[in-house]
Amino acid sequence: MKNIFNYIRKEKNIWLCGALLCTLSTGCSDYLDREPMSEYLSSNFYNNEGAIKQGATACYQRLKMDHTNSSSSNIPLCILWDMYTPFGIERADNSSVGVGNIDMRTNFTPEFIWATLYTSVARCNTVLDGAAPYVSQLSDQAKIYLAEIKVLRAHFNIQLVSLWGDIPYFTSSVTEEQLKEVARTPWREVVDDIIKDLSDAANVLPWQANEWGRVDKSVALGLQARIALYAGSWCKFGFGRDAVKDEQKAKEYFTIAAQASNRVVNESGRDLAINYKDLFTRVGQMKPDVQKESMLFMMFSDFGDKSTHYMSLGEQCRMIGQSGRFPTQQLVDTYEMKNGKRIDEAGSGYNPQKPFISRDPRLKETIYTHHDTIIGNTGNNKMKFLMELFNPMTKSWDEQGNEKMIANLDYAGSVSQYGYVFSGVGFAWKKYNHYDDESSALPTYNIHIMRFAEVLLTYAEAKIELNELSDGTAVNAIDRVRARVGMPGILSVDPTREGNQLKMRQIVRRERKVELAKEALMLFDMRRWRTGELQNSEPTYGYPKPIGVDPSKNIYPDGYEQATPDMVPSYGEPGSERDINDIASYKAFADKLRMRDKDRSWDDKFYLWPIPQTERNKCPWLTQNPGYGE
């Protein structure tokens, strides 16, 4: 702990020359005014607009949660968070944070995320503290930069309180005396302070920032709605292992969430992008309609020295690169049929032999499935190939369209053990990984932290939890998100949803899962809905195992073609927690499926991460979260 807080304390002497915040449309802007750096290094560094602008830029850099502490290439830590839920898995069987059988007190991941987020908070506090004596003499624009920093600090603190509950909470730089008495602030106090901070910042910020990529009023209110929705759920359904509830406080938080998100929906000028897939490609993110939806994001650039990341590098098929993170069957089976019915419903049209036909279009924009055509782009070479689960050979096409059969490295060969067939469960991530407009190894697309679709669904969920359904606005918000991809209105599919809180809760949760998959939100949703026991206590399942494989005769049957009509998952009794949360069970035909993580387990203590043991060793007076021992 002392090492981390020493790092925090030193922030005022670090990061004075933060990396440039670049725009996709114009290249790098002139964020660094040409004032002498020696002047910035004096004791009154943050006494002018230029210096504060630089400080804000350094705070924006922290959004990337940089894994390598480098501005040129990194793996933002939050991209792993969906892999800690049953919707995603990492390459190593039964050994990730998500499977529940490792000691997270001594695990690198919680420790490193703790340090990364506290360093980010410290950087924000350094600028805010430095500018505090000069606020009355600062320009209006400088005050806007300070409001932006407050919003960024709130974002980092939202992650801390969501992951750990009660946390050491700092609104200013840490002194030596404070280090001797570091304690954890109750999470409700932290949440209430974050909500107030975001209100204060929203009062200063314009609805539209003068430079794309900067925080504006809609981001401040969007984050306020997010943390209020989280806190409402924690109070209503319970937070942490002991799940203490407070219905009245839940209502207060849900009301704040509804009001804040409603302002963004009706006053901000934000809107949904026209095409869903454009949100996740470099070319798409250049479009004005996409920029209207993109509210807060990690910004990368292909200008000058390039600011790139490695997210796609760990999510490729072995045919074109590496692979280490995969989606799961449980996520795939959350997507409705194109007619709006769940795959187990009568009249859905679901066929286990052709399970990816006539599904919600977001499935195919999020996940690569069997027999999809994948574009491989190394930067120097572009090819297309068929995703093949059951054959050591597959079709490929060069840039001229010439077809030939090539070795399927995801099925056979020296690296196949790490591919989506034998390390995953038959699926690969497509969201962000279209590979058509830039290299898959060093992409520069932005990574979303918040977009307008989430705000619409936040509004709908808050209204549903308040049971304020008579005005139809919750239905309209959900339908607006669905209409973008051509999915039918929720009442046209099931008129009995109208005014039914349980059924409306089911559909808004389903929409969050399929709309926002792989956007670092599911970990928090799973915790606040308290579905860990249902979702995390069962193995990870995938494709149907083929019967009759005989390499000596070159016989490689397609497992999907062998699927039988009974291979449709169960979602429990109508109205049950499994049903309301769309959690598929494969128990009836589990022996026919590819299985991973058979030792996956759940304990309610996992609803919060433990305070890292290395930090408690240095500050033993920091209490531990229940269930992790003393």
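Residues numbered from 1 in each chain as written. Predicted model: local features only at pLDDT ≥ 70, side-chain atom pairs only at ≥ 80, totals over all residues. Heavy atoms only, no water.

## Some thoughts on the overall build of the chain
Here's step 1: What the chain contains, in helices and strands, is 20 helices and 14 strands.
Here's step 2: Taken over the C-alpha trace, the chain has a radius of gyration of 24 Å; the compact-globule value for 630 residues is 25 Å, and the two agree within 12%.
Here's step 3: Taken along the three principal axes of its C-alpha coordinates, the chain extends 80 × 55 × 50 Å.
Here's step 4: In the chain, buried positions account for 61% of the 630 residues.
Here's step 5: Contacts in the chain between residues at least 24 apart in sequence constitute 70% of all its contacts with a sequence separation of at least 6.
Here's step 6: Of the roughly 23400 Å² of accessible surface on the chain, 50% is carried by carbon and sulfur atoms. (Helix = DSSP H or I, 4+ residues; strand = E, 2+ residues; numbered from the N terminus. Rg over C-alpha atoms; globule rule 2.2 N^0.38 Å. Buried < 20%, exposed > 50% of the residue type's maximum accessible area, 1.4 Å probe, protein only. Contact = heavy atoms within 4.5 Å. Areas by Shrake-Rupley, 256 points an atom, 1.4 Å probe, with all protein chains shown as cover.)

## Let's talk about the environment of Val508
Here's step 1: Relative to the elements of secondary structure, Val508 occurs in helix α16 (residues 501–516).
Here's step 2: Classification of Val508 as buried rests on a relative accessible area of 0%.
Here's step 3: Along the sequence, Val508 and Ala460 sit 48 residues apart, while their C-alpha atoms lie 7.1 Å from each other.
Here's step 4: In this structure Val508 touches Leu457, Ala460, Glu461, Ile464 and Ile478, once residues within four positions along its chain are discounted.

## Considering the side chain of Ser323
Here's step 1: Looking at the element boundaries, Ser323 is found in the loop between β4 (294–298) and β5 (325–327).
Here's step 2: Looking at Ser323, its side chain comes within polar contact range of the main-chain oxygen of Tyr418, at 2.7 Å.
Here's step 3: Not counting residues within four places of it along the chain, the set of residues in contact with Ser323 comprises Arg91, Leu313, Gly314, Gln316, Arg318, Tyr418 and Gly419. (Polar contact = N/O pair within 3.5 Å; in protein donor to acceptor, adjacent residues only side chain to side chain.)

## With respect to the sheet that holds strand β10 (residues 403–407)
Here's step 1: Here we have four strands laid out as an open sheet, ordered β7-β8-β9-β10, and antiparallel in their pairing. Of all the strands in the sheet, just β7 (373–377) and β10 have a single pairing partner and so form its edges. On average, each strand axis in the sheet is tilted by 35 degrees relative to the strand beside it, whichever way the strands run.
Here's step 2: As paired strands, strand β9 (residues 393–397) and β10 are joined by five bridges and run antiparallel to one another. The residue bridging Thr394 from the neighbouring strand is Ile406, located in β10. (Pairing = 2+ DSSP bridges. Axes fitted to C-alpha atoms, helices over the stretch in contact; angles between N-to-C directions.)

## Observations concerning the nonpolar core
Here's step 1: In terms of nonpolar packing, the biggest core is built from 165 residues, with Trp81, Trp164 and Trp609 touching the most fellow members.
Here's step 2: It is helix α5 (residues 140–164) that contributes the most residues to this core, 15 residues altogether.
Here's step 3: Once residues lying within four places of it in the same chain are set aside, the contact partners of Trp609 are Trp81, Tyr84, Val97, Met104, Pro110, Ile113, Leu163, Trp164, Leu523, Arg527, Asn625 and Tyr628.
Here's step 4: Core analysis: the next-biggest nonpolar cluster, separate from the first, contains 12 residues, Ile343, Tyr350, Met567 and Tyr571 among them. (Core = buried A, V, L, I, M, F, W, Y, C linked by side-chain atoms within 4.5 Å.)

## Side note on the pattern of salt bridges
Here's step 1: Applying the stated criterion to the full structure yields 48 salt bridges.
Here's step 2: Glu315 serves as the salt-bridge partner of Lys518, at 3.0 Å between the closest nitrogen and oxygen. Of the two residues, Lys518 sits in the loop between α16 and α17 (522–529) while Glu315 sits in the loop between β4 and β5, which places them 203 residues apart along the sequence.
Here's step 3: Here Lys518 falls in the buried class, since its relative accessible area comes to 6%.
Here's step 4: By relative accessible area, which is 2% here, Glu315 ends up buried.
Here's step 5: Here Arg530 ties to Asp604 by a salt bridge, and the two come within 3.7 Å at their closest N and O atoms. Placement of the pair is Arg530 in the loop between α17 and α18 (532–536) and Asp604 in the loop between β14 (593–596) and α20 (613–618), with a sequence separation of 74 residues. (Salt bridge = Lys/Arg side-chain N within 4 Å of Asp/Glu carboxyl O.)

## Focus: the environment of Tyr418
Here's step 1: Residue position: Tyr418 is located in the loop between β10 and β11 (428–429).
Here's step 2: Given the relative accessible area of 34%, Tyr418 is considered partly exposed.
Here's step 3: When the C-alpha atoms of Tyr418 and Arg318 are compared, they prove to be 7.8 Å apart, with 100 residues separating the residues in sequence.
Here's step 4: Not counting residues within four places of it along the chain, the set of residues in contact with Tyr418 comprises Arg91, Arg318, Ser323, Phe326 and Ser423.

## Section: helix α8 (residues 217–237)
Here's step 1: Helix length check: α8, at 21 residues, gives a terminal C-alpha distance of 30 Å against a target of 30 Å (1.5 Å per residue), a fit within 8%.
Here's step 2: Counting buried positions along α8 gives 21 out of 21 residues, so the element sits mostly inside the fold.
Here's step 3: Downstream of α8 by one or two residues, Gly238 has phi in the positive range, about 105 degrees. (Expected span 1.5 Å × (residues − 1).)

## Points about the side chain of Arg530
Here's step 1: Accessibility expressed as a relative area gives 18% for Arg530, which makes it buried.
Here's step 2: A polar atom in the side chain of Arg530 sits 2.9 Å from the backbone oxygen of Gly240.
Here's step 3: Residue contacts for Arg530: discarding those within four places in its chain leaves Phe237, Gly238, Phe239, Gly240, Arg241, Ala243, Asp604 and Tyr607.

## Regarding the pairing of β7
Here's step 1: The buried fraction of β7 is high, at four of five residues.
Here's step 2: In the sheet, β7 pairs with strand β8 (residues 382–386) via five bridges, with the strands oriented antiparallel. Looking at the pairing, Thr373 lines up with Leu386 of β8.
Here's step 3: The turn linking β7 back onto β8 is made up of four residues, and Gly379 within it adopts a positive phi angle of 100 degrees.

These figures capture arrangement, not role.
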